[in-house]
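What the coordinates show
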Amino acid sequence: MTYPTTSNLSPKLLLLSLLLGSFVVASVGNLYQDFDITWGDGRAKILNNGQLLTLSLDKASGSGFRSNNEYLFGKIDMQLKLVPGNSAGTVTAYYLSSQGPTHDEIDFEFLGNLSGDPYILHTNVFSQGKGNREQQFYLWFDPTADFHTYSVLWNPQRIIFSVDGTPIREFKNSESIGVPYPKNQPMRIYSSLWNADDWATRGGLVKTDWSQAPFTASYRNFNANACVWSSGSSSCSSTSPSSTSTNGGWYSQELDSTSQERMTWVQKNYMIYNYCTDTKRFPQGLPPECTATTMS
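Residues numbered from 1 in each chain as written. Predicted model: local features only at pLDDT ≥ 70, side-chain atom pairs only at ≥ 80, totals over all residues. Heavy atoms only, no water.

1. Things to note about the sheet that holds strand S14 (residues 188–195)
Hydrogen bonds along the backbone pair up the strands of a sheet, which may run parallel or antiparallel. Stated precisely, the cut-off is as follows: Note on pairing: two strands pair once DSSP finds at least 2 bridges between them. Under the scheme used here, helices are H or I runs from DSSP no shorter than 4 residues and strands are E runs no shorter than 2 residues, and both carry numbers assigned from the N terminus. In this analysis an axis means a line fitted to C-alpha atoms, helices contributing only their contacting stretch, and an angle means the value between N-to-C directions, from 0 to 180 degrees.
Pairing is antiparallel in the open sheet, where eight strands are placed in the order S2-S5-S14-S7-S8-S9-S10-S17. In this open sheet, the two edge strands, each paired with only one partner strand, are strand S2 (35–39) and strand S17 (271–274). Taken over all neighbouring pairs, the strand axes of this sheet differ in orientation by 15° on average, direction set aside.

Put into structure tokens, the structure is as follows:
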């Protein structure tokens, strides 16, 4: 399935899209256009006429890719199917990041496990180079049996992590209490599959079984309703960012009561670590965003 991009719109529709705030919808269905394989010496492949991307890991090397575009706010979806079987020691990372010592970053990381034991979904948010905001979850399905959609909604007010449309985490803009928020640095999408058996599974106790290699993770159906950053400016109108409401409303989206209930259900039943409750880690006091009014 191919979704419209500005390159294949009719002249009338292209003019209409420009009038609606120069909003760019990144193409869906051609991973050749959207991503560049950055490392792995042939272990990363784009297949099926750009419909599928695979990353592989063996004892010699992992592999990775990054987006061709940089984004400053957006709703970004990708379907992943994770390494099946005994994936202990492996990490599949899928994240947004800027560059430099004060970088911003929005992380999904999938920590492999022994056959039959659940993956751990690790999330984190970095702002101005500071992270340490980990929340970890089990999933309520087998993420290796089929593709599932992992989404980041990032707007000036909040970051929402979702799985198959169910929100699992919200990080709100808490600049009013002195917490930096990612809002000024454009970010690319990155993904990699790599060996981290010194820490990934049971704190490093379980090592990677290389007899199971190569390990492979698969990606498809990328979609970015997003503001593309290029040559120092955004594709979204700076004078009327609210015009993005015509493209699904993500720029000002927040969780409605139903979504809030679904997130609460996930956090109650599947969250296994929350930095905001780790008083041993923060003996001088929990981070300031860890309050009921600013943190979910």
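Don't stop here, the text continues.
2. Notes on the packing of aromatic side chains
Here is the rule we go by: Working definition: rings of Phe, Tyr and Trp (its six-membered ring) pair if their centres are within 6.5 Å, and the pair is stacked with planes under 30 degrees apart, edge-to-face with planes over 60 apart, and tilted otherwise.
In total, this model carries 19 aromatic pairs according to the counting rule given. Here the aromatic cluster, defined as three or more aromatic residues joined through ring pairs, consists of Tyr94, Phe108, Phe110, Tyr150 and Phe161.

3. Examining the environment of Asn269
Its location among the elements puts Asn269 in helix H3 (residues 257–270). Along the sequence, Asn269 and Leu139 sit 130 residues apart, while their C-alpha atoms lie 9.7 Å from each other.

4. Observations regarding the side chain of Arg188
For clarity, the cut-off: Think of it in three bands: with a 1.4 Å probe and only protein chains considered, a residue is buried below 20% of the maximum accessible area for its type, exposed above 50%, and partly exposed in between. Asp and Glu count as negative and Lys and Arg as positive, but His and the ends of the chain are not part of the count. Should a side-chain nitrogen of Lys or Arg be within 4 Å of a carboxyl oxygen of Asp or Glu, the pair is scored as a salt bridge. Contacts described as polar in this section are N or O atom pairs within 3.5 Å, which, within protein, must combine one atom able to donate a hydrogen with one able to accept it, while residues neighboring in sequence count only if both atoms come from side chains. Two residues qualify as a contact provided that any one of their heavy atoms is within 4.5 Å of a heavy atom in the partner residue.
Position of Arg188 among the secondary structure elements: in strand S14. Among buried Asp, Glu, Lys and Arg side chains, Arg188 stands out as unpaired, with Glu70 the closest opposite charge at 4.3 Å. At a separation of 2.7 Å, a polar atom in the side chain of Arg188 contacts the main-chain carbonyl oxygen of Asn68. The contacts of Arg188, once residues within four sequence positions are left out, are Arg66, Ser67, Asn68, Asn69, Glu70, Tyr95, Leu96 and Ser97.

5. Here we look at the UniProt feature "active site" (unreviewed entry) in the protein chain
The condition that has to hold: UniProt positions are given in the numbering used here, feature names are shortened, and annotations may be inferred rather than shown by experiment.
Residues annotated by UniProt as "active site" (unreviewed entry) correspond here to Glu105 and Glu109. Counting through the fold element by element, Glu105 comes out in strand S8 (residues 105–111). Note on Glu105: relative accessible area 12%, which makes it buried. Residue contacts for Glu105: discarding those within four places in its chain leaves Tyr95, Leu96, Ser97, Asn124, Val125, Phe126 and Met187. A distance of 2.8 Å separates a polar atom in the side chain of Glu105 from a polar atom in the side chain of His103. Looking at the secondary structure, you find Glu109 in strand S8. Ignoring sequence-local partners within four residues, the contact set of Glu109 consists of Val91, Thr92, Ala93, Ile120, Leu121, His122 and Trp194.

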